Amino acid sequence: MKGPAVWLDMDQAELDAAYNQAAYAPNAAEVLQRYGVRSEATRAALGEPLRFAYGESAVEGLDVYPTRAPDAPIAVFIHGGAWRSGRARDYAFPADVLVPAGAHLVVPDFAAVQDVEGSLAPMAEQLRRALAWVHENAQRFGGNPQRIRVLGHSSGAHLAGVMLTTDWAGRFGLPADLIKGGLCCSGIFDLKPPRLSARSSYVRFTDEIEEALSPQRHLALLNAPLVVAYGTLETPEFQRQSRDFAAAVAAAGKPVRLLVAEGLNHFEMVESLGCSDGLLGAAVLAQMGLGG
């Protein structure tokens, strides 16, 4: 029997399932394995990435897949993994599109939530340091610090949204428009419903975290055109989060495109970032003004 409503018209079991990708993507393990295989092929073709430290802890490093084009734009990709898994090395495949087109790909590593006492705040701060490092050190790998874009998938899309709504000038003394464009694929943009879900068993949500790290609540700080994307086989909450976020951005008078991929689940979505004619690959090239 259906229990009492916890969020919208969902009871606890339905809400938990709506924030559990495995409930809607039976091929999750297979696709995740594909990320690593594709990334190995990328490195075989392009070579090992440059590796830089952006902070003091062991995890605070980033991979750079450089292009040969001079003074080239930079795409910083933030990986997903429900805030608790993933590594930069398994997300090289967007370089298959970006590097030949004339852009650098940067993929940072950062802490898993269980390694920072269940708090999302240290993860956000690490990524802010990574973005600041890229801006300040872009010329070390031939990048243009005035042409940085941020891409993210899943929990990485949430964190990309946090980067896009960061007060770079007020908090860091950096340009308010440090990020010139964004792509948020299959993300979470308001933390209230996941806080009510089973994700609270490993994420230490608080009122302060919910408010500070819900990108949809800070759109006044958004200074970049945005692409938001999701697949029709994603969970109902991930679809709704993307639709509502895009609608809120539009209502705030900021430029946004909403892309919907028919027949793709949560894990399959990001694979199109590694194809110039894929939904996400084509969108990123268009946003960056690069040919396929």
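Caption draft 1: Representation of the overall build of the chain in the model. In terms of regular secondary structure, the chain is built from 11 helices and eight strands. Computed over its C-alpha atoms, the radius of gyration of the chain comes to 18 Å, within 12% of the 19 Å expected for a compact globule of 292 residues. Principal axes of the C-alpha set define a box for the chain whose edges measure 60 × 40 × 40 Å. When the 292 residues of the chain are sorted by exposure, 57% land in the buried category.

Caption draft 2: Highlighting the packing of aromatic side chains. The final tally for this structure, using the stated rule, is 10 aromatic pairs. Each ring, one from Y19 and one from F238, has its centre 5.6 Å from the other, and the planes form 55°; the classification is tilted. One end of the pair, Y19, is in the loop between α1 (12–18) and α2 (28–46); the other, F238, is in helix α9 (residues 236–251), and 219 residues separate them in sequence. Assessed through its relative accessible area of 3%, Y19 is described here as buried. Here F238 falls in the buried class, since its relative accessible area comes to 1%. Between F189 and F245 the ring centres are 4.0 Å apart and the planes differ by 10°, which places this aromatic pair in the stacked class. Here F245 lies in helix α9 and F189 lies in the loop between β6 (179–185) and α7 (192–196), a separation of 56 residues in the sequence. Overall, F189 belongs to the buried group, its relative accessible area being 0%. A network of ring pairs unites the aromatic residues Y35, F77, Y91 and F93 as a single cluster. Against the face of Y202 rests R84, its NZ or CZ located 3.9 Å from the ring centre.

Caption draft 3: Spatial organisation of the pattern of salt bridges. As enumerated under the stated definition, the model contains 18 salt bridges in all. With its nearest N and O atoms 3.4 Å apart, the salt bridge here joins E30 to R34. One end of the pair is E30 and the other is R34, both in helix α2 and four residues apart, which spans about a single turn. By relative accessible area, R34 is classed as partly exposed at 29%. Members of the salt-bridge network, linked through shared partners, are D190, R195, D207, E210, E211 and R217.

Caption draft 4: Here's a closer look at the confidence of the model for the chain. Overall, the predicted model of the chain reaches an average pLDDT of 97, with 100% of residues at or above 70. Mean pLDDT across the elements of the chain bottoms out in helix α11 (residues 279–288) (96) and peaks in strand β4 (residues 104–108) (99).

Caption draft 5: Summary view of the layout of surface pockets. Within this model, the largest pocket holds a volume of roughly 400 Å³. Along its surface, the largest pocket is lined by 23 residues, and Q21, G81, A82, R199 and F267 are the ones closest to its centre. Per-class residue counts for the lining of the largest pocket are 10 nonpolar, 10 polar and three charged.

Caption draft 6: Spatial organisation of the packing of helix α4 (residues 121–137) against helix α5 (residues 155–164). Closest axis-to-axis distance for the α4/α5 pair is 10 Å, and the angle between their directions is 60°. Between α4 and α5, the angle falls in the class oblique. Where α4 crosses over α5, the two elements pack in a sense that is right-handed. Contacts between α4 and α5 involve M123, A124, L127, R128 and L131 from the former and L159, V162 and M163 from the latter. Looking at side-chain class alone, the contact of α4 with α5 contains seven nonpolar, no polar and one charged residues.

Caption draft 7: Empty space enclosed by the protein, seen in detail. Enumeration according to the criterion identifies one cavity of 30 Å³ or more in this entry. A volume near 50 Å³ is recorded for the largest cavity. The residue inventory of the lining of the largest cavity, partitioned by class, reads seven nonpolar, two polar and one charged.

Caption draft 8: Representation of the nonpolar core in the model. Core analysis: the largest hydrophobic core is formed by 60 residues, its most contacted members being L62, W83, L120, L131, V134, F141 and M163. Among the elements that make up this core, the one with the highest residue count is α4 (eight residues). Setting aside anything within four residues of it in sequence, one finds W83 in contact with A112, V113, L120, M123, S155, H158, L159, I188, L191, R199, V203 and F205. Of all hydrophobic cores here, the second largest spans 36 residues; its members include F77, L151, M269 and A283.

Caption draft 9: The arrangement of the environment of G143 in detail. Among the secondary structure elements, G143 is positioned in strand β5 (residues 143–153). Residues G143 and P70, 73 residues apart in the sequence, show an inter-C-alpha distance of 7.4 Å. Contacts of G143, omitting those with residues within four sequence positions, involve D71, A72, I74, H104 and A138.

The rules we used
Numbers given for residues are sequential positions, taken from 1 along each chain in its written order. For this predicted model, a pLDDT threshold of at least 70 governs which residues receive local features, and a threshold of 80 or more governs which side-chain atom pairs are given and counted, while totals over whole chains, interfaces and linings are taken from all residues. As a rule here, side-chain values cover all heavy atoms of the structure and leave hydrogens and water aside. The numbering of helices and of strands both runs from the N terminus, where a helix is a DSSP run of H or I of at least 4 residues and a strand a run of E of at least 2. Our radius of gyration is a C-alpha quantity, and the globule rule it is checked against amounts to 2.2 Å times the number of residues to the power 0.38. Relative accessibility thresholds used throughout: buried, under 20% of the residue-type maximum; exposed, over 50%; partly exposed, between the two (1.4 Å probe, protein chains only). Here is the rule: rings of Phe, Tyr and Trp (six-membered ring for Trp) pair when centre to centre is within 6.5 Å. Planes less than 30 degrees apart are stacked, more than 60 are edge-to-face, and the remainder are tilted. Placement of a positive charge over a ring is assigned whenever Lys NZ or Arg CZ falls within 6 Å of the ring centre and within 35 degrees of the normal to the ring plane. For salt bridges, the criterion is a side-chain nitrogen of Lys or Arg within 4 Å of an Asp or Glu carboxyl oxygen. Each residue carries a pLDDT score, the predictor's confidence in it, ranging from 0 to 100. Residues are called lining when one of their atoms sits within 4 Å of a cavity or pocket point, these points coming from a 1 Å grid over the protein atoms alone, where a cavity is a set in which a 1.4 Å probe fits but cannot get out and a pocket is an open set with protein on both sides within 12 Å along at least five of seven lines. Grid points are joined across faces, edges and corners, and a volume is the space filled by probe spheres set on the points. When residue character is reported, Ala, Val, Leu, Ile, Met, Phe, Trp, Tyr, Cys and Pro are called nonpolar, Asp, Glu, Lys and Arg charged, and the others, Gly included, polar. Here the axes come from fitting lines to C-alpha atoms, over the contacting stretch only for helices, and the angles between their N-to-C directions go from 0 to 180 degrees. Any angle that falls under 35 degrees is termed roughly parallel, while one over 145 is termed roughly antiparallel, one within 65 to 115 roughly perpendicular, and all others oblique. Should the near helix be turned anticlockwise from the far one by less than a right angle, the crossing is termed left-handed; should it be turned clockwise, right-handed. Any two residues whose heavy atoms approach within 4.5 Å are treated as being in contact. Throughout this description, the term nonpolar core refers to a set of buried Ala, Val, Leu, Ile, Met, Phe, Trp, Tyr and Cys residues connected via side-chain atoms within 4.5 Å.

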